[in-house]
Amino acid sequence: MNEKIHFEDWLSAAPKAELHLHLDGTLEAGRLLQLAEKNRVQLPYKSLAEVEAAYRFENLQSFLDLYYLGASVLRDEEDFYHLMMDYLQRCRQNNIVHTEIMIEPQTYLPNGIDFPVFMAGFKRAIVEARSSWGQSVQLILSFLRHLPESEALGVLDQAEAYRDDFVAIGLASSEQGNPPQKFAELYRRARERGYRLTAHAGEEGPPAFIYSALQDLQVERIDHGVRCVEDDALVEWLRERGVPLTVCPLSNVRLCVFPEMAQHNILQLLERGLMVTVNSDDPTYFGGYMNDNFIAMHRALNLNRSQALQLLRNGFEASFLPEAEKTALLKQLDNFAEAA
Ligand code: ADE
Ligand code: ZN
């Protein structure tokens, strides 16, 4: 028992990289209600208990409906500042020394909120977190795949004024019926403009979507990707090329990709030599931030120290950081592992 507690403290204290995080998925229920009242946005809940009761999802779509509704309470620069700052403080508490955050402009633009408003709030929080505790942050411009590619192309153009603020583009939202190849032109243009590339694939979608993301979009990383196990040749392909998978254990359980944590395949994927990382996806909706994910894996899957170290190492290796910064953070992890 004591040893278990000790290991959980070790997991919590370890330096981490988070590579799969939707900023709108960090909106805390309390702040959601506060902003709905301030901005006069009608929501179907009146109390924290009602919000929490609504967070029982059957699949990705049932979650996305509430997720976009939740994000509709964000209206002015101050709201975006607080959203970012709340999450960055969570990074500090979870020892997430580097984070790559997905920003989804297509959620805000239809409410008449343009790039200068949300980017000003986000950037103010990032500058403060960098200078006050040395937080490392990169942003990913994430597109919504249930919307047409023509709209995404327009948003990519609008983002040109903020080109230096985004390291990569990503692709999220409803996977079923929206295969990666729908966005081949978007990815071609983003690649030409020097963005790094990632996309959600193989969360609910079949292995064919993972192939399509790799071949049609030429992504370097796959977000989720857990359904790759249905195709041995694909697993081998991913292993040979060292393609990172940004896996989100608590998310997969809450969205019924796996019936319970004990059945999650993350350690199987690791065992088969894949470059797997641990992430929280939408922590306020799925019942936990980064440390909660590691602890849940320890409790249900018996995650041990050497597996945890490999997952932590992979997080830094698979990041979009320049090599020198990766090396420095990997050294920080080595020092932690030697000392504790
Ligand atoms: N947007 C936010 N969370 C997501 C997820 N888990 N899958 C697809 N799109 C998302
Ligand atoms: Zn996601």
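Right above here is the structure, for reference.
Residues numbered from 1 in each chain as written. Chains lettered and ligands numbered in written order. Predicted model: local features only at pLDDT ≥ 70, side-chain atom pairs only at ≥ 80, totals over all residues. Heavy atoms only, no water.

Q: Pulling in residues and values, what's your account of the overall build of the protein chain?
A: Assigned secondary structure in the protein chain consists of 17 helices and eight strands. Compactness check: the protein chain gives a C-alpha radius of gyration of 19 Å against a globular reference of 20 Å for 340 residues, within 12% of the reference. When its C-alpha atoms are laid out on the principal axes, the protein chain stretches across 50 × 45 × 40 Å. Taken over 340 residues, the protein chain has a buried fraction of 59%. A sequence separation of at least 24 residues applies to 76% of the contacts in the protein chain between residues at least 6 apart. Working note: accessible area of the protein chain is about 13600 Å², and carbon and sulfur atoms make up 48% of it. (Helix = DSSP H or I, 4+ residues; strand = E, 2+ residues; numbered from the N terminus. Rg over C-alpha atoms; globule rule 2.2 N^0.38 Å. Buried < 20%, exposed > 50% of the residue type's maximum accessible area, 1.4 Å probe, protein only. Contact = heavy atoms within 4.5 Å. Areas by Shrake-Rupley, 256 points an atom, 1.4 Å probe, with all protein chains shown as cover.)

Q: Tell me what's going on with the sheet that holds strand 6 (residues 221-224), and back it up with residues and numbers.
A: The sheet built from eight strands is open, its strands ordered 1-2-3-4-5-6-7-8 with parallel pairing. Here the strands that pair on one side only, and so sit at the sheet edges, are strand 1 (16-22) and strand 8 (275-278). Sheet twist, expressed as the average angle between the axes of neighbouring strands with direction ignored, equals 25°. Of the strand pairs in this sheet, strand 7 (residues 244-247) and strand 8 are connected by four bridges, and their pairing is parallel. Paired with L245 across the bridge in strand 8 is V276. (Pairing = 2+ DSSP bridges. Axes fitted to C-alpha atoms, helices over the stretch in contact; angles between N-to-C directions.)

Q: Give me the lowdown on the site of ligand 1, citing residues and values where you can.
A: H22, L60, F63, L64, Y67, A172, S173, H200, E203, H224, D281 and D282 make up every residue found near ligand 1. One of the side-chain N or O atoms of H22 is found 3.4 Å from a nitrogen atom in ligand 1. Between a nitrogen atom of ligand 1 and a side-chain N or O atom of H224, the distance comes to 3.5 Å. In isolation ligand 1 exposes 260 Å². Once the protein is present, 100% of that is buried. (Near = heavy atom within 4 Å. Polar contact = N/O pair within 3.5 Å; in protein donor to acceptor, adjacent residues only side chain to side chain.)

Q: Describe in detail the environment of Q268, supporting the description with residues and values.
A: Positionally, Q268 belongs in helix 13 (residues 266-271). Along the backbone, Q268 and V229 are 39 residues apart, and their C-alpha atoms lie at a distance of 9.1 Å.

Q: Residue-level account of the coordination of the zinc ion (ligand 2), with values.
A: The protein atoms that coordinate the zinc ion (ligand 2) are H20 (NE2), H22 (NE2), H200 (NE2) and D281 (OD), at distances spanning 2.0 to 2.3 Å. Metal-centred angles of 82 to 175° between the four donor atoms at the zinc ion (ligand 2) mark the site as irregular. (Donors = N, O, S within 2.8 Å, 3.2 Å for Na, K, Ca; no water. Tetrahedral: all angles 85-135°; square planar, octahedral: opposite > 155°, others 65-115°.)

Q: A description of the state of the cysteines should follow, citing residues and the corresponding values.
A: Under the criterion given, the structure shown has zero disulfides. With no disulfide of its own, C91 lies 14 Å from the sulfur of C248, the closest cysteine sulfur. When its relative accessible area of 0% is taken as the criterion, C91 is described as buried. (Disulfide = S-S within 2.5 Å.)

Q: Tell me about the pairing of strand 2 (residues 96-103), residues and numbers included.
A: For strand 2, the buried fraction is high: seven of the eight residues fall into the buried class. Direction of pairing for strand 1 relative to strand 2: parallel, over a ladder of five bridges. When the sheet's bridge partners are listed, H22 is paired in strand 2 with M102. Relative to strand 3 (residues 136-144), strand 2 is paired through six bridges, and the arrangement is parallel. The residue of strand 3 that forms the bridge with H98 is S136.

Q: So what's going on with helix 7 (residues 115-133)? Which residues, and what values?
A: In this model helix 7 runs 27 Å from its N-terminal to its C-terminal C-alpha over 19 residues, within 8% of the 27 Å that 1.5 Å per residue would give. Residues of helix 7 that are buried sit in contact with helix 5 (77-94), strand 2, helix 6 (105-108), strand 3, helix 8 (149-158) and strand 4 (166-172). Immediately beyond the C-terminal end of helix 7, within one or two residues, lies G134, with a positive phi of roughly 75°. (Expected span 1.5 Å × (residues − 1).)

In short, shape yes, function no, at least from these values alone.
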